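Inside the fold
Read off the chains here:
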Amino acid sequence: MILPRPTTPRFLRTLKLIFRPVEYLDDYGQQFGDMFAVGSEDYPFVYVNHPKAIQEIFTADKEIFDSGKGNAVLKFLLGANSITLLDGEPHQRQRKLLIPPFYAERLRAYHQIIDNIAQEVTNKWQEGQIIRVRTHIQDITLQVILQVVFGLEQGQRYDQLRDLLTTLLEALSTPLSSTLLFFPQLRQDWGNFSPWGRFLRCKQQVDELLRREIQERRQENNLDKEDILSLLLATSYEDGKPMTDEEIRDELMTMLVAGHETTASALTWALYWVYSQPIIKDKLRFELSGLGKNPSPSDIAKLPYLGAVCSETLRIYPVALTPFPRILKKPFDVMGYHFNPGTVLTPCIYLVHQREDLYPEPKKFKPERFLERQYSPYEYFPFGGGNRRCIGLSLAMLEMKLILAAIVSRFDLALTTHRPLKPVRRGLTLAPPGNFKLKVKAKFNA
Ligand code: HEM
């Protein structure tokens, strides 16, 4: 069987994928259905949009695919030791060390930190003020990473890293600057006058600060600290060897890049959906009020409607349109199609989340669907799946719930325009436009 494929020239397709990613997928998804191919005839890039096919991919033998190779484009940012760039045994070895700090029982230690940061940033909001949502939310999620993952306390290095990391990631966040990711030949260092030159200098300073922090923390050897960096410093591989400073630095950068922008985008969407539909805001407030005054973060994290709002937020516009590409190392069959080594199989999160047979009226934001039925990990997978599934899933969901609850219970916010908010590209991800604003109508004492 031969897969359908678009006839649009490659260059035009790539431009559409960069500047109008959702239309790109909507158009081809409607035209071609469950699976379609782009790229070369010999080594096609295949979008897979059927849950059965996705199950076959996510449950296949780990040795069949490489993914790290497909992420090589991120080496300049994350470093060569990043888990996202590794495959096979080195990848599994690294995952074994990185996953335990994210177990649910460990995350309990972070509840209060997340709640405090959310309160501190939003306490400054005043009635009548117009909030540029992403700036504030990203400040919260960046501080969560600095405190929970890097274990930093507020002070000079905290402020330096906070500023540098914001500049670093902003440099790659517009649809135009995202072209640097797709066309490496555009990365030209013409000093501080060129975006790439500015990026390189900023990255050097971040690397230096992280190197110093890791060295000092190794010397400090404080076994009482519960942040993820401390846990990584204390752990070792099966052969007893500890992680090297370079490995730890690259994983810190990976968790920062993978964990802070993504969560900020998801939360910004959540605020848009909640405040564009008053009934959802009312239902959330009602559910929260059932916990009484000063509810514990652990109780908030268990609320079903709040969870459903977060899940629906990640369904309708998933932050990642696709998980990492799976590059075949061996021949493999999916739903009757035969693929040769070199083929790139890409389960498409966005198109599966838009399937009418799974999600009736898929363009409507309806949290109730997550209360009425359970979706399999092949029907709903905003965090990817199989042996590469996001390691920060539980932290991200916890942050979304606690921060959304902190805002909804204390503020009445209003949209400043009734034009529907359309997603835009932000690096490799999909995000609400950076200029999305909300007006503070009322501030309550929760
Ligand atoms: C809403 C927030 C987030 C979303 C939507 C998200 C989504 C994803 C997706 C789609 C993948 C690829 C999985 C695959 O290919 O199957 C991934 C991988 C990853 N994510 Fe997340 N993520 C989020 C938050 C986080 C956080 C908070 C962290 C850590 C602090 C994190 C760390 C990682 C890492 C390290 C990987 C690579 C896993 C591997 O290669 O084995 N993510 N994430």
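What you see as residue numbers is a count from 1 along each chain, following the sequence as written. Predicted model: local features are reported for residues with pLDDT of at least 70 only, side-chain atom pairs are reported and counted for 80 or more only, and whole-chain, interface and lining totals are derived from all residues. Heavy atoms throughout the structure, all of them, feed into the side-chain values; hydrogens and water do not.

Brief notes about the coordination of the iron atom of the ligand
Using the following cut-off: Keep in mind that water is not among the atoms, so a site may look incomplete; donors are the N, O and S atoms within 2.8 Å of the metal, or 3.2 Å for Na, K and Ca. Helix and strand assignments come from DSSP, with helices taken as H or I runs of at least 4 residues and strands as E runs of at least 2, each series counted from the N terminus.
Of all protein atoms, just one serves as a donor to the iron atom of the ligand, and that atom is Cys390 (SG), at 2.3 Å. Secondary-structure assignment places Cys390 in the loop between α18 (369-372) and α19 (393-408).

Side note on the site of the ligand
For clarity, the cut-off: One heavy atom within 4 Å of a molecule or strand is enough for the residue carrying it to be called near that molecule or strand. Throughout this description, a polar contact denotes any pair of N or O atoms lying within 3.5 Å of each other; where both atoms belong to protein, one of them has to be capable of donating a hydrogen while the other can accept it, and for residues adjacent in sequence the pair is counted only when both atoms sit in side chains. Each residue gets one of three labels, nonpolar for Ala, Val, Leu, Ile, Met, Phe, Trp, Tyr, Cys and Pro, charged for Asp, Glu, Lys and Arg, and polar for the others, Gly among them.
In the neighbourhood of the ligand, 26 residues make up the surrounding shell, with His91, Arg95, Phe324, Arg326 and Cys390 lying closest. Within the side chain of Arg326, an N or O atom sits 2.7 Å from an oxygen atom of the ligand. The dominant element in the shell around the ligand, judged by the number of residues it contributes, is helix α13 (residues 245-276), at 6 residues. Of the residues that constitute the shell around the ligand, the class distribution is 13 nonpolar, 9 polar and 4 charged.

Digging into the nonpolar core
Just so we agree on the cut-off: Within this scheme, the nonpolar core is defined by two criteria: the residues are buried Ala, Val, Leu, Ile, Met, Phe, Trp, Tyr or Cys, and they are joined through side-chain atoms within 4.5 Å. Exposed residues in this analysis have more than 50% of their type's maximum accessible area, buried residues have under 20%, and partly exposed residues fall in between, with area computed by a 1.4 Å probe over protein chains only. It only takes one pair of heavy atoms within 4.5 Å for two residues to be counted as in contact.
Core analysis: the largest hydrophobic core is formed by 140 residues, its most contacted members being Phe150, Leu165 and Leu404. When residues in this core are grouped by element, the largest group, 15 residues, is from α13. Residues contacting Leu404, with those up to four places away along its chain left out, are Leu267, Ala270, Leu271, Val274, Leu284, Leu306, Val309, Cys310 and Glu399.

Focus: the packing of helix α7 (residues 111-122) against α19
Stated precisely, the cut-off is as follows: In this analysis an axis means a line fitted to C-alpha atoms, helices contributing only their contacting stretch, and an angle means the value between N-to-C directions, from 0 to 180 degrees. For classification purposes, an angle smaller than 35 degrees is called roughly parallel, one larger than 145 roughly antiparallel, one from 65 to 115 roughly perpendicular, and anything else oblique. Left-handed describes a crossing whose near helix is turned anticlockwise from the far helix through less than a right angle; right-handed describes the clockwise counterpart.
Look at α7 against α19: their axes get within 9 Å of each other, and the N-to-C directions meet at 40°. Compared by their axis directions, α7 and α19 come out oblique. The handedness of the crossing between α7 and α19 is right-handed. On the side of α7, the interface is formed by His111, Ile114, Asp115, Ala118, Gln119 and Thr122, while α19 contributes Leu395, Leu398, Glu399, Leu402, Ile403, Ala406 and Ile407. When the residues that make up the contact of α7 with α19 are grouped by side-chain class, the tally is 8 nonpolar, 3 polar and 2 charged.

Some thoughts on the sheet that holds strand β2 (residues 44-48)
To be explicit about the condition: Pairing between two strands requires that DSSP report at least two bridges joining them.
Read from one edge to the other, the open sheet built from 5 strands follows the order β1-β2-β8-β5-β3, with strand pairing classed as mixed. In this open sheet, the two edge strands, each paired with only one partner strand, are β1 (35-39) and β3 (65-66). Pairing of β3 with strand β5 (residues 326-328) involves 2 bridges; the strand directions are antiparallel. Along β5, the bridge assignment pairs Phe65 with Leu328. Across the sheet, helix α2 (residues 21-32) touches β1 and β2, and the angle it forms with β1 is around 125°. Packed onto the sheet, helix α3 (residues 51-58) meets β1, β2, β3, β5 and β8 (344-347) and runs at close to 120° relative to β8.

Considering the packing of aromatic side chains
Cut-off, in case you're wondering: Here a pair means two rings of Phe, Tyr or Trp (six-membered ring of Trp) with centres within 6.5 Å. Their orientation is stacked below 30 degrees between planes, edge-to-face above 60, and tilted elsewhere. Throughout this description, the term charge over a ring refers to an Arg CZ or Lys NZ atom that lies within 6 Å of the ring centre and within 35 degrees of the ring normal.
This structure, assessed with the given rule, holds 22 aromatic pairs. Residues Phe76 and Phe199 carry aromatic rings whose centres are separated by 5.4 Å and whose planes lie at 65° to one another, so their mutual orientation is edge-to-face. One end of the pair, Phe76, is in helix α4 (residues 75-78); the other, Phe199, is in helix α11 (residues 195-220), and 123 residues separate them in sequence. For Phe199, a relative accessible area of 3% puts it in the buried group. The interplanar angle of 65° and the centroid separation of 4.9 Å between the aromatic rings of Phe370 and Tyr380 together place this pair among those described as edge-to-face. Here Phe370, found in helix α18, pairs with Tyr380, found in the loop between α18 and α19; they are 10 residues apart in sequence, far enough to count as distant. Judged by its relative accessible area of 17%, Phe370 is buried. For Tyr380, a relative accessible area of 16% puts it in the buried group. Grouped by ring-pair contacts, the aromatic residues Tyr24, Tyr28, Phe32, Phe36, Phe45 and Tyr47 constitute a single cluster. When the ring centre of Tyr28 is taken as origin, the NZ or CZ atom of Lys16, which lies over that ring, is 5.9 Å away. Positioned above the aromatic ring of Tyr237, the side-chain terminus of Arg93 is 3.7 Å from the ring centre.

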